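Residue-level structural notes
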Amino acid sequence: FFTIQPVLSTREKQMGLWRELILSYHTSLKIKTLVVHDCPLWKNKDISRELDSGGIKTVMDDFVKSGHGEWEDKTQTRCRILWRKPEQLASDIYDWAVANGYINSVCTVYELHSGEDNNGMSFQGADEELLRRGLRILERQGKCTMFKGETSEEDGIKFF
């Protein structure tokens, strides 16, 4: 696991396991940014193994290429974790709106992000920028419209 595999088919499986580990770790702890030099996943002290810098670069390049992360800086030291891809998040948000009677109703971005009705939903506590990307997808699909509130948390969403 801590040595990048030379055989392509084995490496693809290995990268899939790394993607799952990074996502599950950051999602379960609600961590929105992976700081590359400070990520505890690269080392396992119990077995005295760690991923070297070339391996970390390979894993992170694959992670970003898969659509689950985006570099926040040009030096590639901070990666925004996309708990769900924006398209998946848009679908989850709309399914939630339908299930909770928000069609032809209004809610705020704050309610969507931190409200009581969304316990256990994939977007609960999600990065606000990612949440807004999902909403923009729904807006392009004609499933919602967003409008400005006095603060960004008070911005409204009407679902159709």
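In this text, all values refer to a predicted model and were calculated from it rather than measured experimentally.

The next subject is the packing of helix 1 (residues 8-28) against helix 2 (residues 53-65). Packing of helix 1 against helix 2 brings their axes to within 10 Å, and their N-to-C directions diverge by 75°. Our classification of the angle between helix 1 and helix 2 gives roughly perpendicular. Packed against helix 1, whose contacting residues are Met-15, Trp-18, Arg-19, Ile-22 and Leu-23, the element helix 2 presents Thr-58, Val-59, Met-60, Asp-62 and Phe-63 at the interface.

All right, on to the packing of helix 3 (residues 86-99) against helix 5 (residues 128-140) then. Between helix 3 and helix 5, the least distance of the axes is 8 Å, while the angle of their chain directions is 75°. Overall, the two elements helix 3 and helix 5 adopt an arrangement that is roughly perpendicular. Seen from helix 3, the contacting residues are Pro-86, Glu-87, Leu-89, Ala-90, Ile-93 and Tyr-94; seen from helix 5, they are Leu-130, Leu-131, Arg-133, Gly-134, Leu-135, Ile-137 and Leu-138. Considered class by class, the residues forming the contact of helix 3 with helix 5 number ten nonpolar, one polar and two charged.

Let us now look at helix 3. The end-to-end C-alpha separation of helix 3 is 20 Å, in line with the 20 Å expected for 14 residues at 1.5 Å each. Regarding helix 3, the residues found buried are Pro-86, Leu-89, Ala-90, Asp-92, Ile-93, Tyr-94, Trp-96 and Ala-97. Buried residues belonging to helix 3 abut strand 6 (106-108), helix 4 (109-114), helix 5 and strand 8 (156-159). Of the residues flanking the end of helix 3, it is Gly-101, one or two places downstream, whose phi is positive at about 75°.

Okay, the sheet that holds strand 8 next. The strand order 6-8-7 describes an open sheet built from three strands, whose pairing is antiparallel. Each edge of the sheet is formed by a strand with only one pairing partner; in this case those strands are strand 6 and strand 7 (144-147). Put simply, the sheet's adjacent strands are angled 25° from each other on average, direction ignored.

Here the focus is the pattern of salt bridges. Summed over the entire model, instances satisfying the criterion amount to ten salt bridges. Arg-78 serves as the salt-bridge partner of Glu-72, at 3.3 Å between the closest nitrogen and oxygen. Exposure remark for Arg-78: the relative accessible area of 37% places this residue in the partly exposed category.

The next thing to look at is helix 2. Since there are 3.6 residues in each turn of an α-helix, residues three or four apart along the chain are aligned in direction. Counted at 1.5 Å a residue, the expected span for helix 2 with its 13 residues is 18 Å, and the 18 Å between its end C-alpha atoms agrees. Within the sequence span of helix 2, burial applies to Gly-55, Ile-56, Val-59, Met-60, Asp-62 and Phe-63. Projection of helix 2 onto a plane perpendicular to its axis shows the buried side chains occupying an angular sector of 160°, all on one side. Of the exposed residues in helix 2, the ones pointing more than 90 degrees away from its buried face are Ser-53 and Lys-65. In this fold, the buried residues of helix 2 make contact with helix 1, strand 1 (33-35), strand 4 (69-71) and strand 5 (78-81). Where helix 2 begins, the side chain of Asp-52 points an oxygen toward the backbone nitrogen of Gly-54, at a separation of 3.2 Å.

Once that is clear, we can look at the sheet that holds strand 4. Spatially, 1-5-4 is the arrangement adopted by the three strands of the open sheet, whose pairing is antiparallel. At either margin of the open sheet sits one strand with a lone partner, and together these are strand 1 and strand 4. For this sheet the average axis-to-axis angle between neighbouring strands, irrespective of direction, equals 30°. Against the sheet, helix 2 makes contact with strand 1, strand 4 and strand 5, and its axis sits at roughly 110° relative to strand 4, the strand it touches most.

Rules used throughout
- Residues numbered from 1 in each chain as written.
- Predicted model: local features only at pLDDT ≥ 70, side-chain atom pairs only at ≥ 80, totals over all residues.
- Heavy atoms only, no water.
- Axes fitted to C-alpha atoms, helices over the stretch in contact; angles between N-to-C directions.
- Helix = DSSP H or I, 4+ residues; strand = E, 2+ residues; numbered from the N terminus.
- Parallel < 35°, antiparallel > 145°, perpendicular 65-115°, else oblique.
- Contact = heavy atoms within 4.5 Å.
- Nonpolar A, V, L, I, M, F, W, Y, C, P; charged D, E, K, R; others polar.
- Expected span 1.5 Å × (residues − 1).
- Buried < 20%, exposed > 50% of the residue type's maximum accessible area, 1.4 Å probe, protein only.
- Pairing = 2+ DSSP bridges.
- Salt bridge = Lys/Arg side-chain N within 4 Å of Asp/Glu carboxyl O.
- Arc of directions from axis to C-beta.
- Polar contact = N/O pair within 3.5 Å; in protein donor to acceptor, adjacent residues only side chain to side chain.

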